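Understanding the architecture of this molecule
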Amino acid sequence: MSTQPLPLEGVTVVAVEQAVAAPFATRQLADLGARVVKIERPDGGDFARGYDTAARGLASHFVWCNRGKESVAVDLKDPRGLALVRRMVAGADVFVQNLAQGAAARLGLDAAALCAAHPRLIAVDVSGYGAAGPYAHKRAYDMLVQCEAGLVSVTGTPEQPVKSGIPAADIAAGMYAFSGVLAALVRRGTTGRGGPVEVSLLDSLAEWMGHPLHHGTHGGAAPARTGLAHAVIAPYDAYPTADGGLVLLSVQNDREWRRLAEQVLGRPGLADDPAFATNTARVAGRGATDAVVAEALAPLTAAEALTRLDAAGIACARLNSVAELADHPQLTARDRWREVESPVGPLRSLLPPIVFPDAPEPRMDRIPALGQDTDTVLTGLGVTEAELKELRSTGVIA
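Let me sum up the structure you'll find in this document. (Residues numbered from 1 in each chain as written. Predicted model: local features only at pLDDT ≥ 70, side-chain atom pairs only at ≥ 80, totals over all residues. Heavy atoms only, no water.)

1. A short note on the environment of Cys147
Position of Cys147 relative to the elements: it lies in helix α6 (residues 142–148). The sequence separation of Cys147 and Leu202 amounts to 55 residues, and the corresponding C-alpha distance is 9.8 Å. (Helix = DSSP H or I, 4+ residues; strand = E, 2+ residues; numbered from the N terminus.)

And the structure:
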């Protein structure tokens, strides 16, 4: 039985946002109960709407990052449109923007200016490289930041560096913007004042690079690219099975190696063999280590290999495809899927990871069409029907 409201009920967020980083942050806020008003350009809106048509005609990025929001289409370059957005911000608790560096300041929508005018407001500037420094005005798309942050240098095979298959820099910045808002709301609860919050994609991803960064800075060299293997642990890789699957396993210490040798490999002598008995030896002879594991798993199906590894207490997993993730038995067993309304009908979507057992489920409201809420939101500001008609006829709103 729910006994508490969602934690952000009553919080109003206005966002001038596009692409992934800021929309991902504000979607987390919407999931937890906040009202999020998304400001979009009348001529096409958030450009992520046009990335693809994979979600039954809608863009997959947009579907992922924008449920639960109200879409207001306003031309910020028109003084009348900018004035409307300023009125929205005056009544908001949080403002988030990730316009190109300098654009928000030119409009007077940067965090410093807004917080000076509205002391209780929490205003978040999400940028690529931060507000100052030689990179401040560089374009900062996710792949570029992955490269600048060194993520690509430690991802891939020894022969080929690769970018992450997900927009890691955008996600990192989005999550730090989300947590920054939560921290600022807590501070406002004790001091009564909001304040500016700054998050950059480079800073966020550089933080996520902590292990290779410290390994390289203090140890003399960054970890080598090893594909699915681990640079300093063996065995820790994917091994083929008889049915064409790939099973990953990880042996974290020498006790686990003994169990693997005795219960899975069927070669108990390897537990005390100097060439295999310690992780240092197994890494030094990685080829031989991988060969004995691969030989033992090759006759088994993936299911058989996982059953045997689980029984021995060895960490293991199946290398799933995206389609297999969508049908993952753990997600199904825990009832993690819901349907979200959209302009093309219900779309399947995962519940957010943060769970409050004593509160209602996260709010997973519709994915908005461009400008779907323009009239409702502006009417709430006191804009009359005649004014709406005039603004629409002159292209200020849509």
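Right, picking up where we left off after that structure.
2. Focus: the packing of aromatic side chains
According to the stated counting rule, one finds four aromatic pairs in the structure shown. Between the aromatic rings of Phe47 and Tyr51, the centroid separation amounts to 6.1 Å while the plane-to-plane angle is 50 degrees, which identifies the pairing as tilted. Their ring planes at 15 degrees and their centres at 6.1 Å tell us that Trp257 and Phe276 sit as a pair that is stacked. Residue Trp257 is found in helix α10 (residues 254–264), and its partner Phe276 is found in the loop between α10 and α11 (279–284); the two are separated by 19 residues along the sequence. Judged by its relative accessible area of 0%, Trp257 is buried. When the ring centre of Tyr135 is taken as reference, the NZ or CZ atom of Lys138 above it lies at 5.5 Å. Here Arg348 stacks its cationic end above the ring of Trp337, 3.8 Å away from the centre of that ring. (Phe/Tyr/Trp six-rings, centres within 6.5 Å; stacked < 30°, edge-to-face > 60°. Buried < 20%, exposed > 50% of the residue type's maximum accessible area, 1.4 Å probe, protein only. Lys NZ or Arg CZ within 6 Å of the ring centre and 35° of its normal.)

3. With respect to the pattern of salt bridges
Applying the stated criterion across every chain, the model contains 18 salt bridges. A salt bridge links Glu17 to Lys69, with the nearest nitrogen and oxygen atoms 2.8 Å apart. Here Glu17, found in the loop between β1 (12–16) and α1 (21–31), pairs with Lys69, found in strand β3 (residues 69–73); they are 52 residues apart in sequence, far enough to count as distant. For Glu17, a relative accessible area of 3% translates into the label buried. Asp373 serves as the salt-bridge partner of Arg366, at 2.4 Å between the closest nitrogen and oxygen. For Asp373, a relative accessible area of 7% gives the class buried. A network of salt bridges, in which partner residues are shared, links Glu17, Lys38, Asp46 and Lys69. (Salt bridge = Lys/Arg side-chain N within 4 Å of Asp/Glu carboxyl O.)

4. A few points about the pairing of strand β11 (residues 347–350)
Only one face of β11 is covered, namely the face carrying Leu347 and Ser349; the face carrying Arg348 and Leu350 is uncovered. Where strand β10 (residues 337–340) folds back on β11, the antiparallel hairpin that results is connected by six residues, among which Gly345 adopts a positive phi of roughly 100 degrees. (Pairing = 2+ DSSP bridges.)

5. Side note on the sheet that holds strand β7 (residues 236–240)
Taken in spatial order, the three strands of this open sheet run β7-β8-β9, and their pairing is antiparallel. The sheet is open, and its two borders are formed by β7 and β9 (315–318), each paired with just one other strand. Strand-to-strand twist across the sheet, computed as the mean angle between neighbouring axes with direction ignored, equals 25 degrees. Contacts between helix α12 (residues 286–297) and the sheet are confined to β7 and β8 (246–250), with β7 contributing the most and set at about 40 degrees to the helix. (Axes fitted to C-alpha atoms, helices over the stretch in contact; angles between N-to-C directions. Contact = heavy atoms within 4.5 Å.)

6. Some points on the pairing of β8
Of all five residues in β8, four are buried; the element is thus mostly enclosed. Note: β7 against β8, five bridges, orientation antiparallel. In the sheet register, Tyr236 faces β8, and the bridge partner there is Ser250. Taking the residues between adjacent antiparallel strands as the criterion, β7 and β8 are bridged by five residues, where Gly244 takes a positive phi near 85 degrees. Here four bridges tie β8 to β9, and the two strands are oriented antiparallel to one another. Within β9, the position partnered with Leu248 by the bridge is Ala317.

7. Structural notes on the sheet that holds strand β5 (residues 122–127)
Strand order in the open sheet formed by six strands is β3-β2-β1-β4-β5-β6, with parallel pairing between adjacent strands. If you trace the sheet from one side to the other, it starts and ends with β3 and β6 (195–200), each paired once. Adjacent strand axes in the sheet meet at a mean angle of 20 degrees, parallel and antiparallel pairs treated alike. One ladder, built from four bridges, connects strand β4 (residues 94–97) with β5; its direction is parallel. Each residue of the ladder has a partner; that of Val96, found in β5, is Val124. The strands touched by helix α3 (residues 79–90) are β1, β2 (35–40), β3 and β4; relative to β2, the strand with the most contacts, the crossing angle is about 165 degrees.

8. Section: unusual backbone geometry
In most cases, non-glycine residues show a negative phi, while peptide bonds are predominantly trans. For the bond from Ala234 to Pro235, the omega torsion is -5 degrees, close enough to zero to count as cis. Checked against the element boundaries, Pro235 lands in the loop between α9 (210–219) and β7. One non-glycine residue, Ala19, adopts positive backbone phi at about 65 degrees. Structurally, Ala19 can be placed in the loop between β1 and α1. Positioned with a positive phi, Asp335 is a non-glycine residue whose angle comes to about 55 degrees. Among the structural elements, Asp335 can be located in the loop between α15 (329–333) and β10.

Read these as layout, nothing more, since geometry by itself doesn't imply function.
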